Structures are given as structure tokens and as C-alpha cells.
Amino acid sequence: MQFSFAQEKTVTGTVTTASDGLPLPGASVIVKGTSRGQQTDFDGKFTIKVNQGDVLVISYVGMTPGEIRIGAGSTYDVSLEDASTLDEVVVTGYKGATNSAKISSSLSTVDAESIEQVPITSVDQMLQGQAAGVNVSTGSGQPGQSATIIIRGRNSLNGDTEPLFIIDGVPVDQDNFRSINQNDIATMSVLKDAAATAIYGNRGAGGVILITTKTGKKGSGVQVKYRSLYGISELPSPKFSVMNTTQYLTYQRDLLPGTQLGDGLSDEQIAAMARQADTNWSDILLRQGKTESHEVTVTTGGENATSFTSLQYFKQEGTTLGSDLQRFSFRNNFNANSADNKLNFSTSLTANYSVSSFVVDALRDSNTGGDLDNPFLVPYGALPYLSPYNPDGSINIWGTGPAANGGSDAYLADGSINYAGVDGFRNTPFIAMNTAALGTDEESEIKVVGRIAADYNFAKNLTVGTSFGLDYTNRARLFINPPGSIRSFRTPSDASLEKGTQFESFYRDANFITNAFVRYDNNITEKLNLNAAVFAEYNYSNTQVGSFQAYGLNPALPGSGSGFSDGATTEGANNDEYNYIPVVGSSESELALASVFATLDLDYDNRFGFSASIRNDATSRFVENRDGIFWSVAGRWNIDNESFMQDVDWLSVLKLRASYGVVGNQNVGGRYIGLQTVGAGSGYQLTNSYALGTLIDPAIKWETSNQFNVGLSFGFWQKRLSGELDYYSNLTTDLFANKLLSTAGTGSASVTTNVADMSNKGVDLQISYDILRKSSTNNWSITVNANANYNKNVVESLPGEFTGNTLRIAEGYSANTWYMVRWAGVNPANGEPLYLDANGDLTNEYDFDNNAVYLDKNFDPTYTGGFGADISYKGFALNTLFAFQADRWKNNGSLALIEDSSLGGNLNQSTSMLNAWTTPGQITDVPALSYGGVRAIRGDRNLEDASFLRLRNISLSYNVASEVLEKTKMFTGVRIFVQGTNLFTWTKFQGFDPEGTTASTFFEYPVARTYSLGFDITF
């Protein structure tokens, strides 16, 4: 009898790159089926003990893994191919990862390198300037503020215009990403045409953004990484100027009609007041915000299981007092498969907690921007001769004495509070500081997004799978206007003995999704592949909201319910005034969506492809038209794979794509838009009563988008030059708009229903060029990239022809087109304001009804895009990103306020007002002040070109050389970087920021300019 035993031996080898033969230090070498392994040294060499017949798995980030079976030899070398030289794999939703060569749809992908370690706290903002056809606008500089995203033009008039966001297969709230850690993201894929979005049915009309988070890589072993980031933020330089003390008081004395402080003052007296106080209020209310981030990630990868775990602490201060975000985030992604690869299992979970502090800005609650405690009103309107300091040098948060004595009117001459002036215009800067110092406006949020999924290849070519996902948000708000603060003096009423109010609310939103599918994938012939799948899916959302507001707070018990005044307390001369009755409220709403859908993909010889999808959605939102069918067809021709192209060496990729489909938008109105609601209230003699809510049309249904796309994907000279060019034409029908009714028959003048049509036509271009590529003889890599979109929007039909006043939605024009009287300047003879009438002739009469015209100017930009460069030399890398919007017009209400001479006695004025007309023959653009403030009759005087080019991000980094790291015996990677975000903005717009999401600006919170330093250390 003979026995044989496997004999262990030591083998050596070298791992190199296939493209240039350079060694790969840090490559993972693992014995397949075990945890035994090591990493290659600086020269790419390894030494490992194995048995004959073992298989070595060699992997490296960015490379295609390789395998070697151990034979009788003792030396084994392997070359890994760069994964980027292969066809790119992209995520397309329900179809999963797909070879880019087989994609027939229009999509753009942003990878992790463009997202990581950028100090922007809402991941949707990351897309600005990085994807063709994606218009990203940030409405506020508040840390964590989400952006507004419109893909390929505005697709709805009154419904939701933003895309559907999906994180790891779970649909999530598109307006709240403050609690998501962007460093966890691997890719963001933007699906833009019906071929990609019709599979999402009545939620896909605005496009779909798929966010895929990071996972471990098989065979990579254990990797630990620590990341840190430190930064400072400041507001950009404003493109307006206001008067200093000397200018303002001289302006009042010499130019401004009426009676005010500057009247009668001599130059010496004005100079003396300027020496006493000449305040730049921006220096007082605004600050340099700080950003700090610390993160640890652990990545594991064995033969059949991988995981990615991250833990982050992040804090960012806003650029004004009382504005910040603090966040704790956790993520774990786990993937595993059976030894025979038939069973796949995955889980993903992110759990996050954040606390945000807010200020009174233009987007908070129902604020208009004109609230006097808005800190961004202060740099415009605060009086420069007021001192921000108390006599002891501390900050004054209350105000000063009578206006006649040069004060803010917060106090009377006897030192008592002037209740008529303490919350008035003059006291604006002190109101803002008082609210920031004493008030509370805070939100805490728990955000959980998770999914569990499995699929099993139960028979030849057949796979069955299922998944369950959850998006859960629990948000609690605390707002306190404490007794003793300026804003409490009239709360709950002027006459109440106790002051102050406390408001608390909660918002709980749970969204569930469950999905099951069967997929058939088979090579029908040697050249023909068929992939078909059938899905069933159910989405359910439940939202609960509750709130209370109490009045009359005990200052000794701040934030405690024990400090609330009893609602039954009576006051007044007759003891019959109830000032402290609390207000409570609650609501609950549900939304369900049941769907069945199918996909079909055919590929012939890697040359021709055909894709189709069809989906039936049944929604609880509508009644008579509950079910909708949405579909798409698409085809491609991979011209580069044709035999007649084989000898064309300079052509790498040439693919023609075309698609057509029908997509829907159910996010129109509330969740019960199709149901006639009834509300409770008070009736005759305060008895309980019920009344019909807003009249509805029971036949209402989703908006329908008919989308056509044709595109060309190209790559030349081994993809040195590559890109995509797409033309699209989208017609959206059954848009929600008001339909006029006879009040005699319905009791209502109008009803919202499906009555309008709108089109978007345009071109997307995305292009990249490798000027230099690294090789064994060249250490330089230079790549430039650019993307651009042109979009033409037209309202094709609309009952009543238009809605709106100066900003209109009108038939035959782009949505949000400006309709105004045209400003023609100032008459040099007498200083009166001039206008153009409807025929273009000069007139001195402002007549909106007869002379307003549609201007060839609208709020939504016609052109959007971005460009940048990625440059590296040895361990150094320089990366830049510019973003632009063009042909976009905004009404500058902020500038109009400080150019309103009627307010010149109480608010500061723009320095442009010093050019007001005074002398016959004078050429100026500011009318004589004797005509009063022209803010209400200015026409398009303050309609400004808000086009901009912005240096969105620039970073300089250094990766420590691997030979240096080898000596430490601890680190496998160290990266140090500095970066600037929103550093420069080139624009004609006269304000802090031309971006924003409001058509008429009024003291919004500007987006900050940020400088940061960071470290990435891998163990």
C-alpha cells in the first residue's frame, strides 16, 4: 500500500502591469480557498509557501485579478491588466452591472475619486459640473442644505421636477442628504433617457440617479484606512457695495428728500460720527466657519465574502453665527457567495445621526428673506454709524437709543425699551445678533437606509432573487424664542405678562420596498445572447408628523415643559384674555405603489443590441386612473466590432444608440391629490363643522413624458480621446395645471388637473482626452475633460395661456420666462425714470398692464456644464473642476432694496445711489430722488444676467512613495492633500452668489468658499 502527502514548498514571483511591465508593490497574493496570503514588496515580488495544485489569486485595486495554478516550478510571474483598458462596467438599476459596450441608453457616471473628501455636506451637490445635462443648483450655504437637480430641462410645471434617487437599490428622499457620508460612495450614475428610466415607471420622468456605495474586493485581505479633513469657510466677495458712515450721512444731507439724521450736519460733525463708528456689519455677523472630519474604514476580501465598514464624525460651521451641522455616520456593506457561485447574498446598512442649527435665512420655513433677524440682510441694510459694541467692549445684542440721537431706536431717552422700535428697520443688525445669541432653531435627525438581497441560480440559465429595503427618517425640531429676547417682546402678544414661545415637532417617514424577480440568461446561439427578467415590486410609505407650540416661558426653566404657562391662564382688564393657549397638531399619510415589470436584452455578436422594458404601476395616489403602463425600446450598433473596422487601428469605440419610451411622474400635489378631502373646523356659534377641501378631479392621473434619444459613443487612439454626443426630444403631456371652472356649478373657480403640454429638446456632450499617459518612460499623466448641455424648453399648450405675474409660465415660451416693462434709463433733462412701451417707444409712464412684454430671458439656464483637468507626476496630483450655467436671469431683489430711496432714512443704501441725478444734462442710471423709490415700478431694471463660471474644486495631493512606506512596516498608503472649493466665481450678477434656487433673490444664505487640508492613511 502506498501513501502520498502533499508536500509544502516555497515559491517566488513578481507581479507587474501588463501595459508597461512595471512592478506592482502592495498587490495581494492569496492562496485560493484560504486566508493565507501576503502583499508584494516595493519591487512587486512575493514569496509564499504553497502546495502543488494550489491556486494563487493575485489582485490589485484598479486591475483585473489573475490566478496561477502551482505546478512543479518554483517561480511564477503574473501580469495584471488595467481594468480601465477593458470595457467599463456601469450600474443601470434593475439590470445591475453591465458592460458599457452593451448599453443602449444615455447615462453619465461620476466615480468616487470625484466625490471623496470634498467638504460639501449634501451628496447631490457633488454632481454640479460633472455630468452633461444635469443642472445642479444649491439654494443655500447652510451646512447640509440639499441641491435642486433638473435633468435635461424642467419636465413639470407644478409637479416634482427632480430625479428619483436610489441608494444601493433603495429609493430615498431626494431633498435630504445631510446625514449621508459621501466618502462611502463608489459611483453615482445618472440615467437620462427612457431606455434607462422607463423601468422605474411613474417615478422616472425626471431621470434617475443611482448611488452605489463601496464594497470589499475579493482576495484583497484586510485593509484599514484613516481619513481626516480640516477646513475653513468664508463668504465670497460681494459684487455690491454699501455706503460707509461719511457717505451715508452726506447722502442724507445733500441728496435724500425728507427729514433724517444727516440733515443739517456739517462735514466736521459727519467726520466725528464716522470716527466714532463706521461699521462693516459683515465683519460682525458673519464668520469664518470651520470644518472637521475623521473617518475610519475597514475593508475585507476573501475568496467568497467581502465587506466594507466605515465610521465617520463630521462637523461643519456655517459662515454666520448659529449655523452648523454635526454628523455621526456608520456603514456596513457585506457580500458573499457560495463556493459554486450559485447563491449570492448581500446586505447594506447605513445608520446616521445629525444635529443641525439654523439661522433665519430666506429658505427656512416660510421666511421671505426680508425677516429682520436674517443675518444676510444685515450686510446690505444695517446702518454704518451704529456701533456693534457696548461701552465695555462686549458685543451689543440689543440696540441703542433714540433715532434722533443717532441710535437704533431700541431704547427711549429714559433708557426703557422702545417697543415700537426695538424690532424695527433701524435695529436690524441687533435683532439678528440677538436671535443668533439667544434663540434656538435646531433639528436632530436619525437616518437609516438598509437593504438585504439574495439571488440563486436554481437551474441552468435561470436565477431567482429577492430583496427588501428601508429608508427611515426620524427628525425632531426644537425652536425656542426665549423670554427676554427681542423677538419675545410681542410673543404671544404685546399685552401678555409672560413672554416667549417654544415649538417642538417630529417627522417620521418610513419607506419600504420589496422586490422579487426571475431572470433567464442564455446564449441561444454562438452569437446570440438573450437576457430576460420579470419583476414584482411593492413600495409603501408612511409619514407621521406631530407638533406643539407653547407660550409664556419661565426663563428659569429653558426648554422644559415645566416652564410653560398654563393655557387656562387669563389676563387683561376684564380677565378674559387667553394668551397662552397651546397649539397642537398631527397628521399621517400613506402612499403605496404595486408594480410588475419586465426587461428584455438581446445581443448579437457584440455588434447589435436590442433592449426593451415594460412596467405597470398601480398607485394609491389616484382613483379612476390608478394603473399606468410605461415602456421603452432601444437599439445599438457597435460599429467598432464590425469586420470592416478591424484594420482601423485609430478607432477604439464607435457605437450608435437610439431609444424611445414613455415615462411617468406621479409626484404631483399631495398624496391624496386624487381624493376629495374633508376638513374639520368651527361653524355657527363655534360648533364643530366639516367642510370640503380643495376641489379635485377624480380622473386625475400621472404626467406622461414621451422621450426620444439618439446618441453616438466614440473613442479614438486606444480611447485617448473618448466621449458621447446625444440629441434628445422629450414631450411631456397631461401636465398638472389649473383648469378654469364656473363657480356657479362647482363652487370653485378652478381645479388642478391634467391639461398642459411642454417640450424639452437639446444636446448633451461629454468628452475626455488623455494628453499624456503614464508609462515606463513617462511619469506624467494629463487628462482634460468637459461636458455641456444645451436645452430648449417650450410650453406647448396651457389653458388660459399663462400663469404668474412677472415670472410666467406661458404658452409658446420657455417655462419661467420674465414678463416685465422694459427699463430705459433716466431722462438727462429732468432725472425722471424712462421705460419702453409695448412697441419699443420711450415713455415716462410705468404701465404694467399695457407695456409689459415677454423678454427673451428666463430663470432656467439654457446652457450648463463643466470642465476640468487631472494632472499627475510621480506622487503628485492636481485636479480641477469648473462648473458653469449660462443664459440664466434672476431678479435681484436684494440690490433693489438698497437702491430704494424711500428706505434711505432707516436702511443703508447702495453706493450707486450717490450717482442719483441732480443736474440737467447729467448722464446716470439712477433717477432723481425727488421721484421717490422706484422699487415697485422698476420694470426689468434689476433683472440681471446670473450666468456664472465657478471654480468648483481644485486639489493638490501627494501620495508618499511606496519605497518610503515599505520602510515603515506599517503603512501601505499615505496621501496628503490641500483643496479649495468654490474659490472663484466669474459673473455679472451683483450679489454674494449668482446660483441659488429662487428666481428673485432676497438675502439668501450664500454658498461658502472653503479651504481644506486632509490626510488619507492606509494600514
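Residues numbered from 1 in each chain as written. Predicted model: local features only at pLDDT ≥ 70, side-chain atom pairs only at ≥ 80, totals over all residues. Heavy atoms only, no water.

The name given to the protein chain in an unreviewed UniProt entry is TonB-dependent receptor, with the source organism recorded as Winogradskyella damuponensis. Of the comments in the UniProt record for the protein chain, the one headed Sequence similarities (unreviewed entry) reads "Belongs to the TonB-dependent receptor family." In its Subcellular location (unreviewed entry) section, the UniProt record describing the protein chain reads: "Cell outer membrane". (UniProt positions renumbered as here; feature names shortened; annotations may be inferred.)

We now examine the overall build of the protein chain. Within the protein chain one finds 10 helices and 52 strands. The C-alpha atoms of the protein chain give 32 Å as radius of gyration, which agrees with the globular expectation for 1019 residues (31 Å, within 12%). Looking at the protein chain residue by residue over its 1019 residues, the buried ones come to 51%. Sequence separation of at least 24 residues holds for 68% of the intrachain contacts in the protein chain that already meet a minimum separation of 6. Per element, the accessible surface of the protein chain, about 43,900 Å² overall, is 55% carbon and sulfur. (Helix = DSSP H or I, 4+ residues; strand = E, 2+ residues; numbered from the N terminus. Rg over C-alpha atoms; globule rule 2.2 N^0.38 Å. Buried < 20%, exposed > 50% of the residue type's maximum accessible area, 1.4 Å probe, protein only. Contact = heavy atoms within 4.5 Å. Areas by Shrake-Rupley, 256 points an atom, 1.4 Å probe, with all protein chains shown as cover.)

Below, the discussion takes up the sheet that holds strand E40 (residues 822-826). The sheet built from 3 strands is open, its strands ordered E40-E41-E42 with antiparallel pairing. Among the strands making up the open sheet, the edge pair consists of E40 and strand E42 (842-843). The sheet contact formed by strand E41 (residues 833-836) and E42 spans 2 bridges and is antiparallel. Bridge assignment links Tyr835 to a residue of E42, and that residue is Thr843. (Pairing = 2+ DSSP bridges.)

This part covers empty space enclosed by the protein. The tally for this structure, following the rule as stated, stands at 7 cavities of 30 Å³ or more. Here the largest cavity defines a volume of roughly 230 Å³. In this structure, the largest cavity is lined by 24 residues; those nearest its centre are Pro119, Gly141, Gln316, Val1007 and Ala1008. Residues that form the lining of the largest cavity fall into these classes: 7 nonpolar, 15 polar and 2 charged. In this structure, the second largest cavity encloses a volume near 170 Å³. Taken together, 20 residues line the second largest cavity, and the ones lying closest to its centre are Phe992, Asp993, Thr1001, Glu1004 and Pro1006. Residues belonging to the lining of the second largest cavity are distributed by class as follows: 8 nonpolar, 8 polar and 4 charged. (1 Å grid on protein atoms, 1.4 Å probe; cavity = no way out; pocket = protein on both sides within 12 Å on 5 of 7 lines; lining within 4 Å. Points joined across faces, edges and corners; volume = space filled by probe spheres on them. Nonpolar A, V, L, I, M, F, W, Y, C, P; charged D, E, K, R; others polar.)

With that settled, the discussion passes to unusual backbone geometry. Looking along the chain, the bond that leaves Thr491 and enters Pro492 is cis, with omega of 5 degrees. Turning to its location among the elements, Pro492 is positioned in the loop between strand E24 (462-481) and strand E25 (501-523). The phi dihedral of Lys874 falls on the positive side, at around 50 degrees, and the residue is not glycine. Overall, Lys874 belongs to the exposed group, its relative accessible area being 51%.

The biggest cluster of nonpolar side chains holds 46 residues, and the ones touching the most others in it are Leu249, Trp281, Leu285, Tyr385 and Met433. By residue number, the principal contributor to this core is helix H6 (residues 428-438), which donates 4 residues. Leave out the neighbours within four places in its chain, and Tyr385 touches Thr245, Tyr248, Leu249, Leu261, Met273, Ala277, Gly406, Gly407 and Arg426. Formed by 26 residues, the second largest nonpolar core is a distinct cluster that contains Ala131, Val136, Val190 and Ile513. (Core = buried A, V, L, I, M, F, W, Y, C linked by side-chain atoms within 4.5 Å.)

So, about the packing of helix H2 (residues 245-254) against helix H3 (residues 267-276). Running from N to C, H2 and H3 point in directions that differ by 145 degrees, and their axes come no closer than 9 Å. Here the hand of the crossing between H2 and H3 comes out right-handed. In contact with Thr245, Thr246, Leu249, Thr250 and Arg253 of H2, H3 contributes Asp267, Ile270, Met273 and Ala274. (Axes fitted to C-alpha atoms, helices over the stretch in contact; angles between N-to-C directions. Left-handed = near helix turned anticlockwise from the far one by under 90°.)

A side chain with one charge may pair with a side chain of the opposite charge, provided their charged atoms come close. In this structure the tally under the stated criterion is 36 salt bridges. In this structure, the salt-bridge partner of Arg364 is Asp441, at a minimum N-O distance of 3.0 Å. Pair noted here: Arg364 is in the loop between strand E22 (343-357) and helix H5 (378-381) and Asp441 is in strand E23 (residues 440-459), with a separation of 77 residues, a long-range link. Summarising the burial analysis for this pair, Arg364 and Asp441 share the class buried. Ionic pairing is found between Asp900 and Arg935, a salt bridge with its closest N-O pair at 2.9 Å. A residue pair is termed long-range when its members are at least 10 positions apart, and Asp900 in the loop between helix H9 (893-898) and strand E47 (943-945) and Arg935 in the loop between H9 and E47 qualify at 35 residues. Through salt bridges with shared partners, a single network forms among Glu116, Lys214, Arg227, Arg975 and Asp1016. (Salt bridge = Lys/Arg side-chain N within 4 Å of Asp/Glu carboxyl O.)

Taking burial as the measure, the 5 residues of strand E12 (residues 134-138) include 5 buried ones, the bulk of the element. The alternating pattern of E12 places Val134, Val136 and Thr138 on one face and Asn135 and Ser137 on the opposite face, and all of these are buried. Both E12 and strand E13 (residues 147-151) contribute to a ladder of 5 bridges, which runs antiparallel. Each bridged residue has a counterpart across the sheet, and for Val136 the counterpart in E13 is Ile149.

This part takes up the sheet that holds strand E43 (residues 853-858). Ordered by their spatial adjacency, 4 strands build an open sheet running E37-E38-E39-E43, and the pairing between neighbours is antiparallel. Taken across any chain shown, the strands that pair with only one partner, and hence form the sheet edges, are strand E37 (802-804) and E43. Here the average twist between neighbouring strands, direction ignored, is 40 degrees. In terms of strand pairing, E37 meets strand E38 (residues 807-810) through 3 bridges, oriented antiparallel. Within the sheet, the bridge partner assigned to Gly804 lies in E38 and is Arg808.

Thr245, Tyr248, Leu249, Tyr251 and Gln252 are the residues of H2 that are buried. Seen from one end, H2 has its buried residues packed into an arc of 155 degrees, which puts them on one side. In this structure, the buried side of H2 is in contact with H3. (Arc of directions from axis to C-beta.)

This part covers the packing of aromatic side chains. Tallied over the entire structure, the rule returns 38 aromatic pairs. Relative to Trp637, the ring of Phe608 has its centre 6.3 Å away and its plane inclined at 10 degrees; by these criteria the two rings are stacked. Residue Phe608 is located in strand E28 (residues 608-619), and its partner Trp637 is located in strand E29 (residues 627-638); the two are separated by 29 residues in the primary sequence. Residue Trp637 is classed as partly exposed on the basis of its relative accessible area of 30%. Taken together, the ring pairs in this structure connect Tyr94, Tyr200, Phe517, Phe535 and Phe597 into an aromatic cluster. It is Arg364 that lies over the ring of Phe358; its NZ or CZ is 3.7 Å from the centre. Against the face of Tyr819 rests Arg808, its NZ or CZ located 3.6 Å from the ring centre. (Phe/Tyr/Trp six-rings, centres within 6.5 Å; stacked < 30°, edge-to-face > 60°. Lys NZ or Arg CZ within 6 Å of the ring centre and 35° of its normal.)

Next up on the list: the environment of Phe479. Within the fold, Phe479 resides in strand E24. Residues Phe479 and Leu321, 158 residues apart in the sequence, show an inter-C-alpha distance of 16 Å.

Residue position: Ala27 is located in the loop between strand E1 (8-17) and strand E2 (28-31). The buried category is assigned to Ala27, whose relative accessible area is 0%. Counting along the chain gives 868 residues from Ala27 to Leu895, while the straight-line C-alpha distance between them is 59 Å. Contacts of Ala27, omitting those with residues within four sequence positions, involve Val15, Gln38, Gln39, Thr40, Ser59 and Tyr60.

As a further point, take the side chain of Asn542. As for its position among the elements, Asn542 is in strand E26 (residues 528-551). Contacts of Asn542, omitting those with residues within four sequence positions, involve Arg508, Asp509, Ala510, Glu588, Ser589, Glu590 and Arg671.

Residues Thr428, Pro429, Phe430, Ile431, Ala432, Met433 and Asn434 constitute the buried set of H6. Residues of H6 that are buried sit in contact with helix H4 (282-285) and H5.

Taken residue by residue, the protein chain gives an average pLDDT of 89. The fraction at 70 or more is 97%. Counting interchain partners and residues more than four positions distant, the pLDDT-below-50 stretch residues 1-5 has 0 contacts. (pLDDT = per-residue confidence, 0-100.)

If you add up the space inside the second largest pocket, you get close to 800 Å³. Every residue lining the second largest pocket is counted, 35 residues in all, and those nearest its centre are Val172, Asp173, Asn511, Asn667 and Arg671. Of all the secondary-structure elements, those providing two or more residues to the lining of the second largest pocket are strand E14 (164-167), strand E15 (170-172), E25, E26, strand E27 (583-604) and strand E30 (651-665). It is E25 that provides the largest number of residues to the lining of the second largest pocket, a total of 5 residues. Here the residues of the lining of the second largest pocket sort into 14 nonpolar, 12 polar and 9 charged.

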